[in-house]
Amino acid sequence: MTQVRCEVRGVFMAISEAATVPLVILEDGNGRLLPIFIGIWEAVSINSAKNHEVLPRPFTHDLFLDMCSKFSITVRFLQIDSIEGGVYYAQLVLVNENHEEFIDCRPSDGIALALRSDVPIFVDEGVLSSAAQKNEDLPRMVDLTSFLSK
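If you're wondering where the values come from, they're calculated on a predicted model, not measured in any experiment. (Residues numbered from 1 in each chain as written. Predicted model: local features only at pLDDT ≥ 70, side-chain atom pairs only at ≥ 80, totals over all residues. Heavy atoms only, no water.)

### Topic: the packing of helix H1 (residues 40–50) against helix H3 (residues 107–117)
Between H1 and H3, the shortest axis-to-axis distance is 9 Å and the interhelical angle comes to 20°. Judged on the interaxial angle alone, H3 and H1 are roughly parallel. Our pair here, H1 against H3, has a crossing hand that is left-handed. Contacts between H1 and H3 pair Glu42, Ser45, Ile46, Ser48, Ala49 and Lys50 from the former with Ser108, Asp109, Ile111, Ala112, Leu115 and Arg116 from the latter. Class assignment of the residues belonging to the contact of H1 with H3 gives a composition of five nonpolar, three polar and four charged. (Axes fitted to C-alpha atoms, helices over the stretch in contact; angles between N-to-C directions. Helix = DSSP H or I, 4+ residues; strand = E, 2+ residues; numbered from the N terminus. Parallel < 35°, antiparallel > 145°, perpendicular 65-115°, else oblique. Left-handed = near helix turned anticlockwise from the far one by under 90°. Contact = heavy atoms within 4.5 Å. Nonpolar A, V, L, I, M, F, W, Y, C, P; charged D, E, K, R; others polar.)

### Quick look at the confidence of the model for the chain
Taken residue by residue, the chain gives an average pLDDT of 94. The fraction at 70 or more is 100%. For the chain, per-element mean pLDDT is lowest for helix H5 (residues 144–148), which scores 90, and highest for strand E7 (residues 121–124), which scores 98. (pLDDT = per-residue confidence, 0-100.)

### Notes on the packing of aromatic side chains
The tally for this structure, following the rule as stated, stands at two aromatic pairs. With a centroid separation of 6.4 Å and 80° between ring planes, the pair formed by Phe77 and Phe102 is classed as edge-to-face. Of the two residues, Phe77 sits in strand E4 (residues 74–84) while Phe102 sits in strand E6 (residues 99–105), which places them 25 residues apart along the sequence. Here the aromatic rings of Phe77 and Phe122 are separated by 5.5 Å at their centres, their planes lie at 85°, and the arrangement is edge-to-face. (Phe/Tyr/Trp six-rings, centres within 6.5 Å; stacked < 30°, edge-to-face > 60°.)

### Quick notes on H3
Helical geometry: 3.6 residues make up each α-helical turn, so side chains three or four residues apart lie on a common side. Burial runs high along H3: eight of the 11 residues are buried. Where H3 is concerned, the buried positions are Pro107, Ser108, Asp109, Gly110, Ile111, Ala112, Leu113 and Ala114. Two residues or fewer after H3 comes Asp118, characterised by a positive phi angle close to 55°. (Buried < 20%, exposed > 50% of the residue type's maximum accessible area, 1.4 Å probe, protein only.)

### Quick word on the nonpolar core
Counting residues in hydrophobic clusters, the biggest one holds 32 residues, and the most contacted among them are Leu26, Leu34, Ile36, Leu78 and Ile111. Ranked by the residues each element gives to this core, the list is headed by strand E1 (residues 3–15), at five residues. Filtering out sequence-adjacent residues up to four positions away, Ile36 remains in contact with Pro22, Leu23, Val24, Leu26, Ile80, Tyr88, Pro107 and Ile111. (Core = buried A, V, L, I, M, F, W, Y, C linked by side-chain atoms within 4.5 Å.)

### A closer look at H1
Residues of H1 that are buried include every one of Glu42, Ala43, Ser45, Ile46, Asn47, Ser48 and Ala49, and no others. Each element contacted by the buried residues of H1 is listed here: E1, strand E2 (20–27), helix H2 (60–70), H3 and H5. A positive backbone phi angle near 55° is found at His52, which sits one or two residues after H1.

Below you can see the structure in the form of structure tokens.
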């Protein structure tokens, strides 16, 4: 299972006649883009982490990392390792001393935590091969910050 390091390109609102839905786009550096549809609160959390915004009150992701810190647990990386029926599956890798643990998580929560922890995001090559798109194939989108400021 080859893991490809990806970066968060951005958080957007996909706009169509049927619906307006938040999504995060990961990119592998070779032109492959992985759009992942997510919830609005996860979109806001990922966007604030990507923009290094410090909010007056912590999001749940901030609370989780604060709790991990108190118990000497660190986030090592996120891996998005499969897609089934259009649903992505991911694991957050946590470390406490010499013990490494893989925790099942939604990719959106994992991305929010990975950005806040400044750790790598990996996507399985098979997932990229089956689900990655080119820029011209993405839905019509508006940057989340621009969308929310209207």
